[in-house]
Each structure stands twice: as C-alpha cells, then as structure tokens.
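# Chains, contacts and geometry: an overview
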Amino acid sequence: MSPAEEGASSSQGRDDGPRAGHPEESAQPPREGVGPLGEAHEIAARISTVEQPLGRPGRLVDPRSPFVVGMVGAAGVAVTFGLVEVLVTARTVLVLIGLALFIAVGLQPVVVWLVQWGLPRWAAVTAVCVGLLGVTAGFLAAAIPALAAQTSMFVAQAPTYLKALTDHASFLGQLNDRFHIQRGIEQTLSGGTALVGEVLGAGVIVLNVVGSTLVVLVLTVYFLSALPRLRIGIHRLVPHSRRPRVILLSDEIAARVGGYVLGAAVIAVIAGTVTFIWLLIFGVPYPLLLAIGIALLDFLPVIGSTVGGALICVVSLTVSLPVALATAAFFLLYRFIEDYLLVPRIIGRAVQVSALATVVAVLFGGVLFGVVGALVAIPTAAAIQLIFREVAVPRLDRA
C-alpha cells in the first residue's frame, strides 16, 4: 500500500473534526516550516481533551520573581498613600463617625438593661433614642431662650458696665486702669469690617456645630440599632482560631466604654445641678446658662470643669469681689470632691486607668483631634491598656 493510500485509510479511521471546545484551526496539523510555533500547535492539540478542552492550568507565577515583588511593593505603596490621603481629607467626617460610634457603644448598656426587663430590642433602642432626642431638645429649649433673654439683658446693662469701667474708684475701673479693657473694646468696635467678618465667621461656626450635632445624633441612632450586626461582622473578619479571644476582649472594651459614658453623664449632671444651686444662692447672673455650660464642659476630663469654673468666677465679679472669691473656693472644693470621690467611685472601676495615663491621654487626644479627642481619650486609653496587658505583656513574658 502506498503512503497516500495509508494516509487515506488512516484518515477514514479517525474523526477529522475539531475536539470539543478546541478551535478548528488549532486542531489542524501544523504546516511544515513553521518551526517552534508548529511544535506549540502540536502540543496544544495533544493536551486538549474532552474533559479539559483548554488544557490543564500551568504553574503560578513565582511570587519571589523580581517583577512580582516590584509590582506588589508598588501597589502597596500606592494603596497606603491613597488611604492616608482619604484619612486626611475625610478627617472631620471620620471624627464625627467615631464620636457617634462612641456614644452608641456608651448607650448600649442602657439598651441591654431595658431588654433584660422584657422589652424587645427595637423598643429598647427606640426608647433610648427618644430619650436622647428629648435630652437634646430640652437642652436647646432651655439654652436658647435663656441665651436670648440674658443677651438682651447684657446689652441693656452694657452702658452701666462701661460707666463702671470709667469709674476709677470701682473694682471694674481699677481693672480697666490696669489691663486697658476699654481701649481694647474701642479698638475692636472701630474695626467695622473686621468685626463683621468675625461675626459672620462666628455664625458659620455655629451652623457647623449645629450641623455636626445633627449628623452625630443621626449616626448614633443608626449605630445603636445596628450594633449587634456590626459586632458579628467585625468578629467574622477575625480568623477562627483567634475569634473567641477577640470576642472576650471586644466585649470588655465595650463594657468599659459604656461605663465611662454613663459615669461621665452622671458626674456632668451633678456638676451642673450643684453649680446652678450655688449661682442662685449668691445671685450670680445667667445661672441656668452657666450651669448648662459647666455640665457640658465637665464631659472633658481634667480641664473641662477648671475652664468652666474660671469663666463663672469672671462672671461672679459683676456681683462683688467676695462672691467671686467664694465661687473660686467653691469650684476648688468641688474639683477636689469630683477627682477624689466621684470619679473613682463612678468611673474609676469601669475604665481602670491611672491618673498619669488619664492626663497624658487627654493631652494627646486634645492635640490630635481637639475637643472630640479629649472626650474619648480616657476610654481609648483604657482599651489600649487592656490590649497591651492581655496581648503584648504575655508575649513579652514568654520571649
């Protein structure tokens, strides 16, 4: 039999069509003279099967290849730079989100307490949110009319204050002679354009504060309602072998934050109530507004009540020097009672942070994130201290 006949007979005994899933032109035998490409076609036709029409996958690229290492490194630098840019650009928004989450975690023990009394969780969350909104509305209802009325009173009494400044025999006149208060007021009023700009700037600040407060309230409501799902989602991101330990640590941190928030609220109410009673007894003007200011400032540890007490002492000078001195003594005594009696009993057992760590944390928090940083400094320090004690210290002991 001739070679042509052998080829014909062999072609009759096989299916000349392409394999399933393999291109028809790839299934044809390569033409002569194609070279290495023809060899590749032969191998492609041989490895294409019915089960794997495109062949078996080859080996992955070597992760230690210089090209791969360079690409991964460049991608890591780009991602890190992008994250830093996002953090810097969205810093204000992230601070508001963190504050809302902090308040929600602090209110969580109240929700748990209501649930233990038989309320469904949605009803407990609704009750807490209504209470939070009620407190905010009550504060605004008490502060805004008082602020308007007392501002009008101040405007009406401004000529009396100016006359007292020019009286060298009065206490205010002596202060004016020493510190040149009247000259500073006249210089401020003479710069009309600058004053208008400052007033407009103050209005913008007030609008920003109101808007930020509303954003924090809305986010707090959402966080409080979604806190169990957030907790589960965060725990699912942890490897299974470490998940129980992370659950215990995160629950302890949440308990400390909740204890701190509730304790700080109780101490702030005590500070505002005691201040209001003192101001009423001695006839200091603007008692309600000053008491609310002390309650809000008292949320800032270490410096809040001190700054508020200094402001009230200045206002007390409008009554008399003895009243101002008595008010200063009152705030020194109250600060001693708060630091050594109220805070250790109400907050100290919850956060378990030393006095030195408290001061350092407040200073760093205030420098980095302003008032919000000082507000969350102590619970953040408590969380860092807990993680260091439970995670880092045992590893250092075993090293």
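Residues numbered from 1 in each chain as written. Predicted model: local features only at pLDDT ≥ 70, side-chain atom pairs only at ≥ 80, totals over all residues. Heavy atoms only, no water.

## Some points on the overall build of the protein
What counts is decided by this rule: We count a stretch as a helix when DSSP gives it H or I for four or more residues in a row; a strand needs E for two or more, and each element gets its number in order from the N terminus. By definition, residues are in contact when any of their heavy atoms lie within 4.5 Å. The protein chains shown are the only cover counted for residues, whose accessible areas, like all others here, come from Shrake-Rupley with a 1.4 Å probe.
The number of helices and strands found in the protein is 15 helices and zero strands. Across the protein, every contact between residues at least 6 apart in sequence was considered, and the portion connecting residues at least 24 apart equals 65%. Of the roughly 26,300 Å² of accessible surface on the protein, 72% is carried by carbon and sulfur atoms.

## Some thoughts on helix H15 (residues 377–398)
For clarity, the threshold we go by: Multiplying 1.5 Å by the helix residue count minus one yields the expected span of that helix. Each residue is assigned a bend, namely the angle between axes fitted to the seven residues that terminate at it and the seven residues that start at it. In this scheme, a residue with accessible area under 20% of its type's maximum is buried, one over 50% is exposed, and one in between is partly exposed, where area comes from a 1.4 Å probe on protein chains only.
Between its first and last C-alpha, H15 extends 31 Å over 22 residues, near the 32 Å set by a 1.5 Å rise per residue. At Phe 388, H15 shows its maximal bend, which comes to roughly 35 degrees. Every buried residue of H15 is listed here: Ala 377, Ile 378, Pro 379, Ala 381, Ala 382, Ala 383 and Leu 386.

## As for the environment of Tyr 222
As for its placement among the helices and strands, Tyr 222 is situated in helix H9 (residues 192–236). Separated by 93 residues in the primary sequence, Tyr 222 and Cys 129 place their C-alpha atoms 9.8 Å from one another.

## Some details on the packing of aromatic side chains
For clarity, the cut-off: By convention, a stacked pair of Phe, Tyr or Trp rings (six-membered ring in the case of Trp) has centres within 6.5 Å and planes under 30 degrees apart, an edge-to-face pair has planes over 60 apart, and any other such pair is tilted.
Throughout the structure, instances matching the rule amount to five aromatic pairs. Measuring from centroid to centroid gives 4.4 Å for Trp 278 and Phe 282, while their planes differ by 35 degrees, and the two rings are tilted. Within this pair, Trp 278 and its partner Phe 282 are both found in helix H10 (residues 243–282), separated by four residues, close to a single helical turn. Here Trp 278 falls in the buried class, since its relative accessible area comes to 18%. Every member of this aromatic cluster is reached through a ring pair, and the members are Trp 278, Phe 282, Phe 330 and Phe 331.

## Some details on the pattern of salt bridges
As a reminder of what qualifies: Whenever a carboxyl oxygen of Asp or Glu lies within 4 Å of a side-chain nitrogen of Lys or Arg, that contact is scored as a salt bridge.
Applying the stated criterion to the full structure yields four salt bridges. Here Asp 251 ties to Arg 231 by a salt bridge, and the two come within 3.0 Å at their closest N and O atoms. Here the residue Asp 251 occupies a position in helix H10, and Arg 231 occupies one in helix H9, the gap between them amounting to 20 residues. Judged by its relative accessible area of 38%, Arg 231 is partly exposed. As a salt-bridge pair, Arg 256 and Glu 252 come within 3.3 Å of each other at their nearest N and O atoms. With Arg 256 and Glu 252 both in helix H10, this residue pair falls four residues apart, about one helical turn. A single salt-bridge network, built from bridges that share partners, covers Arg 245, Arg 389 and Glu 390.

## Topic: the confidence of the model for the protein
Note the following rule: The quantity known as pLDDT measures the predictor's confidence residue by residue, on a range of 0 to 100.
For the protein, the average pLDDT comes to 75, and 73% of its residues sit at 70 or higher. Mean pLDDT per element in the protein: helix H1 (residues 3–12) is the minimum at 43, and H10 is the maximum at 87. Contacts of residues 1–28 to residues separated by more than four positions or lying in other chains number 19 contacts, the stretch itself having pLDDT below 50. Contacts from residues 191–204, a stretch scored under 50 in pLDDT, to residues over four places away or in other chains number two contacts.

## Details of the environment of Ala 100
Residue position: Ala 100 is located in helix H5 (residues 91–116). A relative accessible area of 0% means that Ala 100 is categorised as buried. Ala 100 sits 124 residues away from Leu 224 along the chain, and the two C-alpha atoms are 9.1 Å apart. Beyond its immediate sequence surroundings of up to four residues, Ala 100 is in contact with Val 216, Leu 219, Thr 220 and Phe 223.

## Comments concerning the nonpolar core
Keep this limit in mind: Nonpolar cores are built from buried Ala, Val, Leu, Ile, Met, Phe, Trp, Tyr and Cys residues. Side-chain atoms within 4.5 Å join them into one set.
In terms of nonpolar packing, the biggest core is built from 49 residues, with Phe 102, Leu 224, Tyr 260, Leu 290 and Val 351 touching the most fellow members. Among the elements that line this core, the one with the most residues is H5, at nine residues.

## Side note on a nonpolar patch on the surface
Just so we agree on the cut-off: Candidate patch residues must exceed 30% relative accessible area and have no salt bridge, after which like charges are joined if within 9 Å and Val, Leu, Ile, Met, Phe, Trp or Tyr side chains if within 5 Å.
Together, Leu 356, Val 360, Phe 364, Val 367, Leu 368 and Phe 369 line one region of the surface with nonpolar side chains, adding up to about 650 Å² of accessible area. Mapped onto the elements of the fold, Val 360 is located in helix H14 (residues 355–375).

## Quick notes on the side chain of Glu 338
Relative to the helices and strands, Glu 338 is located in helix H13 (residues 321–351). With residues up to four places along the chain from it excluded, the contact list for Glu 338 reads Ile 267, Ala 271, Asp 298, Ser 305, Val 343 and Pro 344.

## Quick notes on the packing of helix H11 (residues 287–297) against helix H12 (residues 304–316)
The following threshold applies: Comment: axis = line fitted to C-alpha atoms, over the contacting stretch for helices; angle = value between 0 and 180 degrees taken between N-to-C directions. Angles are sorted into four bins: roughly parallel if under 35 degrees, roughly antiparallel if over 145, roughly perpendicular if 65 to 115, and oblique for all others. Should the near helix be turned counterclockwise from the far one by less than a right angle, the crossing is left-handed, whereas a clockwise turn marks it as right-handed. Side-chain classes follow a simple rule in which Ala, Val, Leu, Ile, Met, Phe, Trp, Tyr, Cys and Pro form the nonpolar group, Asp, Glu, Lys and Arg form the charged group, and the remainder, Gly included, forms the polar group.
Two elements in contact, H11 and H12, have axes whose closest approach is 8 Å; the angle formed by their N-to-C orientations is 160 degrees. Considering the angle they form, H11 stands roughly antiparallel to H12. Seen from above, H11 lies across H12 with right-handed handedness. Of the residues in H12, those in contact with Leu 290, Ile 294 and Leu 297 of H11 are Gly 304, Ser 305, Gly 308, Gly 309, Ile 312 and Val 315. Residue classes in the contact of H11 with H12 are distributed as five nonpolar, four polar and no charged.

## Describing the packing of H10 against H11
For the pair H10 and H11, interaxial distance at closest approach is 8 Å and the crossing angle is 155 degrees. Taken together, H10 and H11 sit at an angle that is classed as roughly antiparallel. Between H10 and H11 lies a crossing whose hand is right-handed. Side by side, H10 and H11 meet where Ala 268, Ala 271, Gly 272, Thr 275, Phe 276, Leu 279 and Leu 280 of the first sit next to Pro 287, Leu 288, Leu 290, Ala 291, Ile 294 and Ala 295 of the second. Considering only residue class, the contact of H10 with H11 consists of eleven nonpolar, two polar and no charged.

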